[in-house]
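This is what each chain is made of:
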Amino acid sequence: FEDAARSLVEPRASAARAHAARIRTERADRFRPRVADYAFAEAAIQVGEYALAGARYRSVLSAADAEEAAAPDASRAALQADPERRELRSYVYYNLGCVEALAAAGKTGPHAAATPLAMEDAARNRDEAFAALDRAVELGFRDADHLRKDTDLVPLRDDPRFAELLRKADRK
């Protein structure tokens, strides 16, 4: 019975994940200069390599920061104020928050075990997840309903910071 149920559910879930990844990759395609890192992060998520995905998302954000820092003052202000750029950065921060939340749940790879070290890392991952999600909301992520429904964020829902995050997103 379990195999039969899994055979019905997994293709749909897999198709939904692929569709979501395709949409995120299309958005990232406009987010220069690190499209390859973004796509690599999406692939890493699909195989449960959340730490690797987080590193690639950070690489995307670092490249954007470096681009802004290298720009002349007037151009830097325009880059930082660009609504599309802010929106795209908010998605990268949101996805970084998701992978940190998944890592906090102890899902750091295909053979994860709940060791004391993993539990210590989970607390750090939760803090990093909230920092990334707060930054996403600060940059304009406004889909509070998605925050409520996103299963990647289940590991964060019992934390009081999650309720505060929802309040911030609802205000935007």
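Quick caveat, the model's predicted, so the values are computed rather than measured.

S.K.: Lay out the packing of aromatic side chains in plain terms, naming residues and giving numbers.
M.R.: Taken as a whole and judged by the stated rule, the model has three aromatic pairs. Here the aromatic rings of Tyr-91 and Phe-141 are separated by 6.3 Å at their centres, their planes lie at 90°, and the arrangement is edge-to-face. Of this pair, Tyr-91 sits in helix α5 (residues 83-104) while Phe-141 sits in the loop between α6 (116-138) and α7 (144-149), and the two are 50 residues apart along the sequence. Taking the centre distance of 4.5 Å and the plane angle of 15° together, the rings of Tyr-94 and Phe-141 count as stacked.

S.K.: Could you give an account of helix α2 (residues 35-46), naming the residues involved and the relevant values?
M.R.: The first and last C-alpha atoms of α2 sit 17 Å apart over twelve residues, in line with the 16 Å expected at 1.5 Å per residue. Three or more residues of α2 are buried, namely Val-35, Asp-37, Tyr-38, Ala-41, Glu-42, Ala-44 and Ile-45. Once α2 finishes, Gly-48 follows within two positions and takes phi at roughly 80°, a positive value.

S.K.: Pulling in residues and values, what's your account of the environment of Phe-162?
M.R.: Here Phe-162 shows up in helix α8 (residues 160-171). Judged by its relative accessible area of 4%, Phe-162 falls in the buried class. In this structure, the C-alpha to C-alpha distance between Phe-162 and Leu-133, residues 29 residues apart in sequence, is 9.5 Å. If we ignore the near neighbours within four places in the chain, the residues touching Phe-162 are Phe-130, Leu-147, Leu-153, Leu-156 and Arg-157.

Thresholds, definitions, all that
- Along each chain, residues carry numbers from 1 onward, in the same order as the chain's sequence is written.
- Local features in a predicted model are, by the rule used here, given only for residues with pLDDT of at least 70; side-chain atom pairs are given and counted only at 80 or more, and totals for whole chains, interfaces and linings are based on all residues.
- With hydrogens and water stripped out, all remaining heavy atoms of the structure feed into the side-chain values.
- For Phe, Tyr and Trp, rings pair up if their centres lie within 6.5 Å, where Trp contributes its six-membered ring, and each pair is then called stacked (planes under 30 degrees apart), edge-to-face (over 60) or tilted (otherwise).
- Strands here mean DSSP runs of E at least two residues long; helices mean DSSP runs of H or I at least four residues long; both are numbered from the N terminus.
- Take the residue count of a helix, subtract one, and multiply by 1.5 Å to get its expected span.
- Three exposure classes are used, based on accessible area relative to the maximum for each residue type with a 1.4 Å probe and protein chains only: buried under 20%, partly exposed in between, and exposed over 50%.
- In what follows, a contact means two residues having at least one pair of non-hydrogen atoms within 4.5 Å.

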